[in-house]
Amino acid sequence: MSELPLVSVIVTTHNRIDLLRRALNSVRKQTYQHLELIVIDDGSDKSVQGIVNELQDLENIIFYRNEIAKGACAARNIGIELASGEFVAGLDDDDEMMPGRIRKLVSAHNNSFSFVTSDVLHVYQNRELIWNKDEVITLERLLYSNQVGNQGLIKRDRLIEVGGFDESLSSAQDYDLWVRLCERYGPVRNVQEALQIIHLEHEGEQITTPKNQLKGYLQFYSKHKHLMNRDQRKYQLYTIRKAVGKANRLSDLFKWVPTKFLWKELKVFFLRRFV
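Residues numbered from 1 in each chain as written. Predicted model: local features only at pLDDT ≥ 70, side-chain atom pairs only at ≥ 80, totals over all residues. Heavy atoms only, no water.

Topic: the packing of aromatic side chains
Here comes step 1: If you walk through the whole model with that rule in mind, you get seven aromatic pairs.
Here comes step 2: Ring centres of Tyr144 and Phe261 lie 4.9 Å apart, and the angle between their planes is 65°; this geometry places the pair in the edge-to-face category. With a gap of 117 residues between them, Tyr144 in the loop between α5 (139-142) and β9 (153-155) and Phe261 in the loop between α10 (250-256) and α11 (262-274) connect regions that are remote in the sequence. Taken as a pair, Tyr144 and Phe261 share a single burial class, namely buried.
Here comes step 3: If you follow Lys133 out to its NZ or CZ, it ends over the ring of Trp131, 4.7 Å from the centre.
Here comes step 4: The cationic tip of Arg158 hangs over the ring face of Tyr185; the distance from NZ or CZ to the ring centre is 4.4 Å. (Phe/Tyr/Trp six-rings, centres within 6.5 Å; stacked < 30°, edge-to-face > 60°. Helix = DSSP H or I, 4+ residues; strand = E, 2+ residues; numbered from the N terminus. Buried < 20%, exposed > 50% of the residue type's maximum accessible area, 1.4 Å probe, protein only. Lys NZ or Arg CZ within 6 Å of the ring centre and 35° of its normal.)

Some thoughts on unusual backbone geometry
Here comes step 1: For Asn15, which is not a glycine, the phi torsion comes out positive at approximately 60°.
Here comes step 2: Residue placement: Asn15 occurs in the loop between β1 (7-13) and α1 (17-28).
Here comes step 3: Exposure remark for Asn15: the relative accessible area of 23% places this residue in the partly exposed category.
Here comes step 4: The phi torsion at Ala172 lies on the positive side, around 60°, for a residue other than glycine.
Here comes step 5: A relative accessible area of 5% means that Ala172 is categorised as buried.

Focus: the pairing of strand β7 (residues 128-131)
Here comes step 1: Relative to β7, strand β6 (residues 116-123) is paired through four bridges, and the arrangement is antiparallel. When the bridges of β7 are listed, Val123 appears paired with Glu128.
Here comes step 2: A loop of four residues connects β6 with β7, the two strands running antiparallel in sequence. (Pairing = 2+ DSSP bridges.)

Focus: helix α9 (residues 230-243)
Here comes step 1: Helix length check: α9 (14 residues) gives 20 Å between terminal C-alpha atoms against 20 Å at 1.5 Å per residue, within 8%.
Here comes step 2: Restricting attention to buried positions, one finds in α9 the residues Gln232, Tyr235, Gln236, Tyr238 and Ile240.
Here comes step 3: Two to three positions downstream of the cap, the backbone nitrogen of Asp231 sits 3.1 Å from a side-chain oxygen, assigning the N-cap of α9 to Asn229.
Here comes step 4: Following α9 by one or two positions, Gly245 adopts a phi angle in the positive range, close to 75°. (Expected span 1.5 Å × (residues − 1). Polar contact = N/O pair within 3.5 Å; in protein donor to acceptor, adjacent residues only side chain to side chain.)

Some details on the pairing of strand β10 (residues 188-199)
Here comes step 1: By the criterion of burial, β10 is predominantly enclosed, with nine of the twelve residues buried.
Here comes step 2: The pairing of strand β5 (residues 96-97) with β10 spans two bridges and is classified as antiparallel. Residue pairing for β10: Met97 is matched across the bridge by Gln196.
Here comes step 3: Both β6 and β10 contribute to a ladder of eight bridges, which runs parallel. The partner of Val123 across the bridge, within β10, is His199.
Here comes step 4: Sheet topology places strand β8 (residues 136-137) next to β10; two bridges connect them, and they run antiparallel. By the bridge assignment, Ile137 is partnered in β10 with Val188.

Here is the structure:
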């Protein structure tokens, strides 16, 4: 086991105690043997320590509590600072890892890529959908939209080098980090297998409000628009306008969406109206 690189799995949580137990159990079930689990409680109203104490079969656990909530990004950055692993892998408290996730991501890692991610299973109340991503996600593709998602396996020293999560952003902090890593270290490698489960069917407290989500994407756009070409800027602005109900006509779609994404957006446009 000592020959395997240590992976620090960082789980941040705030007031989602019941969901947290499921997330932590998915870490416990990992087939990769050289893990460090770091749980950051960002000022939850109820005690998280008891749930962490249930993981008696995991020896390498760090628990840290912010007495006052500082936000998800601050909590993630604390986890990165506390991590001892060569690699860091994140997990939101309402999601899960498939048992082979860490093992397969470590096996797929290559220094010519900035980091490694995977396909994702989205679970809704009445259906499940797999997000099949490109095998290689370039910066050029990433500047159109977030093709990574919200998690990856990343070298800790690279996270430190680019400054971790930007705590000044109201949302899109993960997207912002992917762009900075990709700009400095190259494209992202994607394991084309659903190794992460994102749960969208629960009614747990939402970490980011719609207002802050919109504000964060505007901040992200302002921060990175100097990297974007004309089509990338138009598509980013179309996404933002659509989120606030200002791009709800077919003419808006043809005005703002680049040709390469036109068919995709047309399908979304008509599905929303007739399904």
